[in-house]
Amino acid sequence: MILVTGGRGAVATELLALLHQAAHPVRVASSTPAELRVPDGVETVTCNLGDPATFPAALYGASAVFLYAEASHIDEFVDTAVAAGVEHVVLLSSASVLGPDAVEDRLAKSHLDVETALLNSPLTATLLRPGSFAGNAGAWAWPVKAGQPVNLPYPGSYTDPIHERDIAEVAFTVLTDPQHRGRHLHLTGPQTLTFTEQIDQLSTVIGRPITVNHVTPEEWKQEMAPYVPASYADALLAYWHSNDGRPTPLTDTVEHLTAHPARSFTTWAQDHAADFGA
């Protein structure tokens, strides 16, 4: 039995479809399982990674877990998983842990703390470290649909956008093929692109111009204040600043694990064009 946590997430949704199609026994967990849409016959269960009381029922009978990185109660999760007989955890971590200042970076450290707890436990841990999710572009959907400019503090900052389906396919491979257990995998998309280049590709896909409004970091932080805590906003701004005008390194890990090249940002935009009013 494979337990998939964070069942409403984009990666978990894609992973569930792959596991179900391949007839692997799977249970899907969410803090709000009633909101999950799963195939007939797939078990759903409550698992709030911030509430250890929900761990035992979710982990009962599971041999492997796909885990979202939530550090607040990771020690309790590990202890419960070990007691339940779990053998293998595939963690959706972040490439930010590879940075030189990961311990001081709040975003990176939250993933690093989960990695450390797993690696110090009896469990076999496989670490997936994607760079930038292509899905982060979803934050532009509202202004694009409204015909308004997209506000960017660092339009020339490079990222390595990766499609959520590629992450899910890698997760499927390492969950179902024992030879990959215990690996630490840095995942990227096939291209390093500036935000401006991503906007241009998205504009081509939806067939409408998209204007970029270059704002200051402080203006962006104020705009995002209702949605992004200040410490996380500062971490994002620091990351974008560090990559401003600097292409990010790429890996071919997705191709090695899935036997096909990683999907392009244009492919992601085509798959999600309806979100932008196309």
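Further up the page is the structure itself.
Residues numbered from 1 in each chain as written. Predicted model: local features only at pLDDT ≥ 70, side-chain atom pairs only at ≥ 80, totals over all residues. Heavy atoms only, no water.

(A) Structural view of the overall build of the protein chain. Within the protein chain, the secondary structure is distributed over 11 helices and 11 strands. Whereas a compact globule of 278 residues would reach a radius of gyration of roughly 19 Å, the protein chain reaches 19 Å, a difference of no more than 12%. Structurally, the protein chain occupies a C-alpha span of about 55 × 40 × 35 Å along its principal axes. The buried share of the protein chain, taken over its 278 residues, is 46%. With the model as given, the accessible surface of the protein chain reaches about 12800 Å², and the carbon-plus-sulfur share is 51%. Averaging the positions of the 14 positive and the 31 negative side-chain charges in the protein chain gives two centres separated by 3 Å. (Helix = DSSP H or I, 4+ residues; strand = E, 2+ residues; numbered from the N terminus. Rg over C-alpha atoms; globule rule 2.2 N^0.38 Å. Buried < 20%, exposed > 50% of the residue type's maximum accessible area, 1.4 Å probe, protein only. Areas by Shrake-Rupley, 256 points an atom, 1.4 Å probe, with all protein chains shown as cover. Lys, Arg positive; Asp, Glu negative; His and termini not counted. Charge placed at Lys NZ, Arg CZ, Asp CG, Glu CD.)

(B) Summary view of the sheet that holds strand E1 (residues 2–4). Spatially, the 7 strands line up as an open sheet ordered E3-E2-E1-E4-E5-E6-E9, and their pairing is parallel. The open sheet is flanked by strand E3 (43–46) and strand E9 (184–187), the only strands paired with a single partner. Strand-to-strand twist of the sheet, defined as the mean angle between neighbouring strand axes without regard to direction, takes the value 20°. Where strand E2 (residues 26–30) meets E3, 4 bridges bridge the pair, whose relative direction is parallel. Directly across from Ser-30, in E3, lies its bridge partner Thr-46. Helix-sheet contacts for helix H6 (residues 164–176) involve E1, strand E4 (64–68), strand E5 (88–92), strand E6 (124–130) and E9, and the interaxial angle to E6 is about 165°. (Pairing = 2+ DSSP bridges. Axes fitted to C-alpha atoms, helices over the stretch in contact; angles between N-to-C directions. Contact = heavy atoms within 4.5 Å.)

(C) Spotlight on the environment of Val-65. Mapping Val-65 onto the fold places it in strand E4. Along the backbone, Val-65 and Ile-2 are 63 residues apart, and their C-alpha atoms lie at a distance of 5.6 Å. Discounting chain neighbours no more than four positions away, the residues touching Val-65 are Leu-3, Thr-5, Leu-59, Phe-77, Val-86, His-88, Val-89, Val-90 and Leu-175.

(D) Just unusual backbone geometry, in detail. Positive phi, close to 65°, is recorded for Ala-23, a residue that is not glycine. Here Ala-23 shows up in the loop between helix H1 (10–21) and E2. Given the relative accessible area of 64%, Ala-23 is considered exposed. The phi dihedral of Ala-259 is positive, around 70°, even though this residue is not glycine. When you line up the elements, Ala-259 lands in the loop between helix H10 (253–258) and helix H11 (265–271).

(E) Main features of the nonpolar core. Counting 28 residues, the largest nonpolar core has Val-4, Leu-15, Phe-66, Leu-128 and Leu-187 as the members making the most contacts within it. Examining the composition of this core, we find that 6 residues originate from one element, H6, more than from any other. Once you skip the residues sitting within four places of it in the chain, Leu-15 turns out to touch Val-4, Phe-66, Ala-168, Ala-171, Phe-172 and Leu-175. (Core = buried A, V, L, I, M, F, W, Y, C linked by side-chain atoms within 4.5 Å.)

(F) Examining H6 more closely. Compared with the 18 Å implied by 1.5 Å per residue over 13 residues, the 18 Å span of H6 between its first and last C-alpha is a close match. Burial of H6 is extensive: 10 of the 13 residues sit out of reach of the surface. Among all positions of H6, only Glu-164, Asp-166, Ile-167, Ala-168, Glu-169, Val-170, Ala-171, Thr-173, Val-174 and Leu-175 are buried. (Expected span 1.5 Å × (residues − 1).)

Shape is all these values report; function is a separate question.
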